[in-house]
There are 2 protein chains.
Amino acid sequence: MPALDLSATSVDLTRAICDIPSVSGDEGVLADAIQDAIGRLAHLDVYRDGDTIVARTDLGRAQRIVIAGHIDTVPINGNMPTRDLELDGRAHLWGRGTVDMKAGVAVQLKLAAELVDPRVDITWMWYDHEEVEAELNGLNRLSASRPDLFAADFAILGEPSNGQVEGGCNGNLRAIVRTHGVRAHSARAWVGENAIHKAAPVLARLAEYRPREVAVEGLVYREGLNAVRIRGGVAGNVVPDLCEVEVNYRFAPSRSVERATQHVRDVFAGFEVEVVDLAAGARPGLDAPLAQEFVAAVGAEPRPKYGWTDVARFSALGVPAVNYGPGDPHLAHHDEERVPVDQIVDVERGLRAWLTSS
Amino acid sequence: MPALDLSATSVDLTRAICDIPSVSGDEGVLADAIQDAIGRLAHLDVYRDGDTIVARTDLGRAQRIVIAGHIDTVPINGNMPTRDLELDGRAHLWGRGTVDMKAGVAVQLKLAAELVDPRVDITWMWYDHEEVEAELNGLNRLSASRPDLFAADFAILGEPSNGQVEGGCNGNLRAIVRTHGVRAHSARAWVGENAIHKAAPVLARLAEYRPREVAVEGLVYREGLNAVRIRGGVAGNVVPDLCEVEVNYRFAPSRSVERATQHVRDVFAGFEVEVVDLAAGARPGLDAPLAQEFVAAVGAEPRPKYGWTDVARFSALGVPAVNYGPGDPHLAHHDEERVPVDQIVDVERGLRAWLTSS
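What you see as residue numbers is a count from 1 along each chain, following the sequence as written. For this description, chains carry letters from A and ligands carry numbers from 1, given in the order in which they are written. Only residues with pLDDT of at least 70 get local features here, since the model is predicted, and only at 80 or more are side-chain atom pairs given and counted; chain-wide, interface and lining totals rely on the full set of residues. Side-chain calculation: all heavy atoms of the structure are included, whereas hydrogens and water are not.

- Going by the annotation in an unreviewed UniProt entry, the name recorded for chain A is Succinyl-diaminopimelate desuccinylase, with Microbacterium alkaliflavum given as the source organism.

Right, here's the structure in full:
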């Protein structure tokens, strides 16, 4: 097991944990390393569930906040290990996970180790399976088994937000759109019906789709509808009887899950649609007193969060939550994922300043 | 290993070998059973190459013919084991392989065992991997390692032809049509390019395509262009950077492989096209003297063969070849694949009559 040095700079710590691969489902090695390093700290109570690590201060403060980050990444695509990179005269750390979201996790690990006397009690959460189906998500699992750990006045997720405070998040729906045909030998295709050919209008509607931009509580959310997978086919000489297009709809937090579902069914009217994953968005939630104090301390104009993040999970539990982390969310999941080094330092400074203020 | 009783009726023998699964790549058990049963016959010299079995008479006849059949099938899809079925008052045997082409193989096995004194020398060939890439094909492999075994004046393939003589065959081309994009997080799709959406025109062209019908030496060949596979996608929240559509083009034997390739490139102009499998068709070849004698003995009007079959392989080696076997080729690879029992008996009678005539 690689050892983590929590006294290193947050930049070096980012590099170290990015170089430990942790694609969803394969977080064990990194979770072990975190548990080992955090378990040595006397001021934290540590709890583990699967590959999720929870560490809590218990100082009897009047208020408690949760600070959380996921430790998994999307699949590696030639972008590991990390590299140092200068871009327009600015130092960057390049590689899978640098943006989404190991730089944020590195800052959290460092502050968890160093802040022995914060102004509020803190529950740190580092969790698995954020990049895949909601039912596998470590926070989801933990909220069912240990809801008591989620009792808090405010939550901060370290999701990439360019070091700005991003409020709320879009909702997230995945559905399978299916076309059916009749199998036949491809040499006599006219006795079959080609399910892949029948999917032509499904792809055409996706290609023509123009997503909305929706203002919610003063923040403008941008939607999106994308095919994320397609599959069909039996053998090289068989007219296929099934084609499946998996689509992903990101919808503004003002749209309910019911209306989002209906919208997808409307877009693919005439086709079989099965919703396989569905999560409500979260309204910005910036009117909570702790949220306002936090925004003031960090000193930034709040923006909307486009991507679904686990702030929605806290929001659903009645805990106001915002995103605050280093890295440009536009580069999340990108092959050229990279984080400006100064943003890591800034986020560390912002969080430290607020958590140690009196 | 299941034992084959070659003294059973050709119908019972069909049932027996259909109930031994032999999807391409998994022919070993059936090949073992055939080798064991055929190896007991004193009048045949038996040779094995991989899962291909060759058995030859050596009677010093002036002429030699090849009679061949493949022993593999396309994947099983809930259509195994076989069932007896009555349809419009006619007895059928239903299940994977009954049409393509174990009924033909069963007839061949029975005749190989019983015809100890045929009018011509016979080279029987039962071979593997017909339903997949050409380079895996057992006949292809054998023609490279033992070209001497292919020396013959005429060849009969037992491919399903409704008990009629079908001449020549269409050519066969498989190609991958690729679209490329840029990966991104699906919550911020506007910074990526969706490769699956870009495949919309590929599917539209396939759906709109109208295949030709082409007369060659008096027989009319019907062409076809079909998607046989489609795939694309990285993860449920990633805009994919690659989509691949595998297409299968069946073209009349009057069209060269070069012109067939150009046609596919023209249809998908503007897209990346990679040809992955390409086999010329075969002209009918019914002017060979043995072919004319055979057609006269069987007493049927020759028809065109739509599907590519290994007659093209013999044709390329200078051996005229026809298809003659039980089963409706329209039902090959179909989930409801089934052969009329009387066609099995008829084909056995036709082959036996010609091979024992003086």
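Notes on the relation of the copies chain B and chain A
Right, on to step 1. Least-squares superposition of the copies uses the C-alpha atoms of those residues scoring a pLDDT of at least 70 in each of them. The operation relating chain B to chain A is a screw motion whose rotation component is 180 degrees, with 0.0 Å of axial translation and a residual RMSD of 0.1 Å. What we have between these two chains is a two-fold relation. Residue Arg231(B) of chain B places its C-alpha closer to the rotation axis than any other residue of that unit, at 2.3 Å.
Right, on to step 2. A high fraction, 96%, of the interface residues of chain B reappear at the interface in chain A, so the copies pair face to face through one surface. We call two residues in contact whenever any of their non-hydrogen atoms come within 4.5 Å of each other.

Here's the deal with the interface of chain B and chain A
Right, on to step 1. Each partner contributes to the interface: chain B provides 57 residues, whereas chain A provides 55 residues.
Right, on to step 2. Accessible surface is computed with a 1.4 Å probe, and the buried area is the amount of it that two parts give up when combined, taken over both parts together. Summing the contributions of chain B and of chain A, the shared interface buries around 4,800 Å²; its carbon and sulfur component is 58%.
Right, on to step 3. It is Arg188(B), Trp190(B) and His197(B) that lose the most area in chain B upon contact with chain A, and together they represent 14% of the buried surface on that side.
Right, on to step 4. When a carboxyl oxygen of Asp or Glu is within 4 Å of a side-chain nitrogen of Lys or Arg, the pair counts as a salt bridge. The interface formed by chain B and chain A holds zero salt bridges in total.
Right, on to step 5. Here a polar contact is taken to be a pair of N or O atoms separated by no more than 3.5 Å, where protein atoms must pair a possible hydrogen donor with a possible acceptor and residues adjacent in sequence count only if both atoms sit in side chains. Here chain B is connected to chain A by 21 residue pairs in polar contact (both at pLDDT 80 or more).
Right, on to step 6. For the side of chain B that touches chain A, the secondary structure elements donating two or more residues are strand S10 (184–185), helix H5 (195–198), helix H6 (200–208), strand S13 (224–233), strand S14 (238–239) and strand S15 (242–251) of chain B.
Right, on to step 7. Put simply, DSSP H or I for four residues or longer makes a helix, DSSP E for two residues or longer makes a strand, and each gets a number counted from the N terminus. At nine residues, the largest contribution of residues to the side of chain B that touches chain A is made by S13(B).

Examining the UniProt feature "domain: Peptidase M20 dimerisation" (unreviewed entry) in chain A
Right, on to step 1. UniProt positions are given in the numbering used here, feature names are shortened, and annotations may be inferred rather than shown by experiment. UniProt feature "domain: Peptidase M20 dimerisation" (unreviewed entry): in the numbering of this structure it lies at residues 171–268 of chain A.
Right, on to step 2. Across residues 171–268 of chain A one finds 24% helix and 43% strand; the C-alpha atoms that close the span lie 19 Å apart.

Let's talk about the sheet that holds strand S4 (residues 83–87) of chain A
Residue and element names in this part refer to chain A.
Right, on to step 1. In this scheme, strands are said to pair when DSSP sees at least two bridges between them. Within the open sheet, the three strands sit side by side as S4-S5-S19. Their pairing is antiparallel. Both edges of this open sheet fall to S4 and strand S19 (338–340), since each of them pairs with a single strand only. Neighbour-to-neighbour, the strand axes of this sheet turn through a mean angle of 35 degrees, independent of strand direction.
Right, on to step 2. The pairing of strand S5 (residues 90–94) with S19 spans three bridges and is antiparallel. Pairing of His92 across the sheet is with Pro340, part of S19. Here an axis means a line fitted to C-alpha atoms, over the contact stretch when the element is a helix, while the angle between two N-to-C directions is reported on a 0 to 180 degree scale.

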